[in-house]
Amino acid sequence: MTRTRDNAVACIGAGNVGRAWAIVFARSGLNVRLFDTSAESLNDAVDKLKGSATDLEAAGQIDSAKALIARVQPTTELSAAVNGVSYVQESIPERLPLKQAVFAELDATCPPDVLLASSTSELLPSSFLQVPLHPERCLVAHPVNPPYLIPLVELCPAPQTSEVTIARVESLLTQCAMVCIRLKKEISGFLLNRLQAAVLGEAYHLISEGYCSSDDIDRVMTDGLARRWSFIGPLMTGHLNASHGYQQYIELLGSTWEALIDSMRTRTDMSDELISQIVTDMCARIPVDRISAAQAWRDRRLMALADHLANQDTLTKFAAK
């Protein structure tokens, strides 16, 4: 995608996701207009952005924290945020009427060739993209938080979204070091959150029925499944767990997986008692007043992981010639 106008994009919403998107774009050399209706939220976002940029520089992943910060311009004026931009990334709270109102205003304010994308993690694009007069330039670009450290972004079109829009957004985000996947049609939660929901549902079942603790669930992932999934994924895991590939894997273990899947309780009652237990467990490990510091620690660990993965071979070396 050719960068036009002021080589600028707008990030609407200065929460955790919006602030992280601002880093994605500023890191790639774009000027970023970071908008929020709250000056207090903007000030907090800029403070946290400075900390993230400093960590990125220390990790050797950007040349200059100062230069990155200089490319982000906070504003409480929506018209100033979108003036002269070629792309808008919305990251406001997941409330349908609010999404509809914001996209209607963006559609009325931005010229028809400006791309409008939502970070929504659950709402069907057709539920709020019926409002704009130019829905063909709108879609969902759902990231993983924080997107400047986890590159996956799910592109989910509404029925009215044009193929040209999808291609232009994919081109822009790829230039910004994001890894795009395209959904063939819309579904609530998209791919990542549906898979995450399946894991969480069974986790709630196992905890609520007294099979394990909250800590056990996290350790099974961090010390077990995630070690493989971070670089080969669950399907490739099966393919490599059999000497003759996935067909043999299913022949050996297919009935076992079917029995386990039949016994899954991914729809577990999220009772007040269960949630209170998990909240207590989580707060015992990380008190709420330490979450901001723990987020910074998490992000530094993700920086180190990204550096490690970037310097490893990939499975493509084994692909058929």
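The text that follows walks through the structure, step by step, so that each part is easy to find. (Residues numbered from 1 in each chain as written. Predicted model: local features only at pLDDT ≥ 70, side-chain atom pairs only at ≥ 80, totals over all residues. Heavy atoms only, no water.)

All right, on to the pattern of salt bridges then. This model, assessed by the stated rule, comprises 14 salt bridges. Across the salt bridge formed by Asp 55 and Arg 300, the nearest N and O atoms sit 3.4 Å from each other. On the criterion of sequence distance, the pair formed by Asp 55 in helix α2 (residues 39-58) and Arg 300 in helix α13 (residues 291-310) is long-range, its members being 245 residues apart. For Lys 99, the salt bridge goes to Glu 90, with nearest N and O atoms at 2.5 Å. As far as burial versus exposure is concerned, Lys 99 and Glu 90 are alike and both buried. Each of Asp 215, Asp 216, Asp 218, Arg 219 and Arg 285 takes part in one network of salt bridges that share partners. (Salt bridge = Lys/Arg side-chain N within 4 Å of Asp/Glu carboxyl O. Helix = DSSP H or I, 4+ residues; strand = E, 2+ residues; numbered from the N terminus. Buried < 20%, exposed > 50% of the residue type's maximum accessible area, 1.4 Å probe, protein only.)

The linkage connecting Asn 145 with the following residue, Pro 146, adopts the cis geometry, with an omega of 0 degrees. Mapping Pro 146 onto the fold places it in the loop between β6 (138-143) and β7 (152-157). Residue Ala 177 is not a glycine yet carries a positive backbone phi of 70 degrees. In this fold, Ala 177 is placed in the loop between α7 (163-175) and β8 (179-182). For Phe 190, which is not glycine, the phi dihedral falls at a positive 60 degrees. Phe 190 sits in the buried class, given a relative accessible area of 0%.

Using the criterion set out here, one finds four aromatic pairs in the structure. Seen in terms of ring centroids, Phe 25 and Tyr 87 are 5.8 Å apart; in terms of plane orientation they differ by 65 degrees. Their pairing is edge-to-face. Here Phe 25 is found in helix α1 (residues 16-27), whereas its partner Tyr 87 is found in strand β4 (residues 87-90), with 62 residues between them in sequence. Residue Phe 25 is classed as buried on the basis of its relative accessible area of 0%. Accessibility expressed as a relative area gives 0% for Tyr 87, which makes it buried. The interplanar angle of 50 degrees and the centroid separation of 5.3 Å between the aromatic rings of Phe 103 and Phe 128 together place this pair among those described as tilted. (Phe/Tyr/Trp six-rings, centres within 6.5 Å; stacked < 30°, edge-to-face > 60°.)

Here the focus is the sheet that holds strand β5 (residues 115-118). Pairing in this open sheet of eight strands is mixed, and the strands run β3-β2-β1-β4-β5-β6-β7-β8 from one edge to the other. Each edge of the sheet is formed by a strand with only one pairing partner; in this case those strands are β3 (72-75) and β8. Within the sheet, the average angular offset between the axes of one strand and its neighbour, ignoring direction, is 25 degrees. Relative to β5, β4 runs parallel, the two sharing four bridges. The residue bridging Tyr 87 from the neighbouring strand is Leu 115, located in β5. Running over the sheet, α7 touches β4, β5, β6, β7 and β8 and is turned about 160 degrees from β8. (Pairing = 2+ DSSP bridges. Axes fitted to C-alpha atoms, helices over the stretch in contact; angles between N-to-C directions. Contact = heavy atoms within 4.5 Å.)

We now examine the environment of Thr 237. When you line up the elements, Thr 237 lands in helix α10 (residues 233-240). C-alpha separation for the pair Thr 237 and Thr 75, spaced 162 residues apart in sequence, amounts to 46 Å. Ignoring any residue separated from it by four or fewer positions in sequence, one finds Thr 237 in contact with Arg 228, Trp 229 and Ile 232.

The next point concerns the side chain of Thr 237. Judged by relative accessible area, Thr 237 falls into the buried class, the value being 5%. Polar side-chain contacts of Thr 237 include one of 2.7 Å to the backbone oxygen of Gly 233. (Polar contact = N/O pair within 3.5 Å; in protein donor to acceptor, adjacent residues only side chain to side chain.)

With that settled, the discussion passes to the environment of Val 199. Turning to its location among the elements, Val 199 is positioned in helix α8 (residues 192-208). Note on Val 199: relative accessible area 37%, which makes it partly exposed. For Val 199 and Cys 176, which are 23 residues apart along the polypeptide, the C-alpha to C-alpha distance reads 30 Å.

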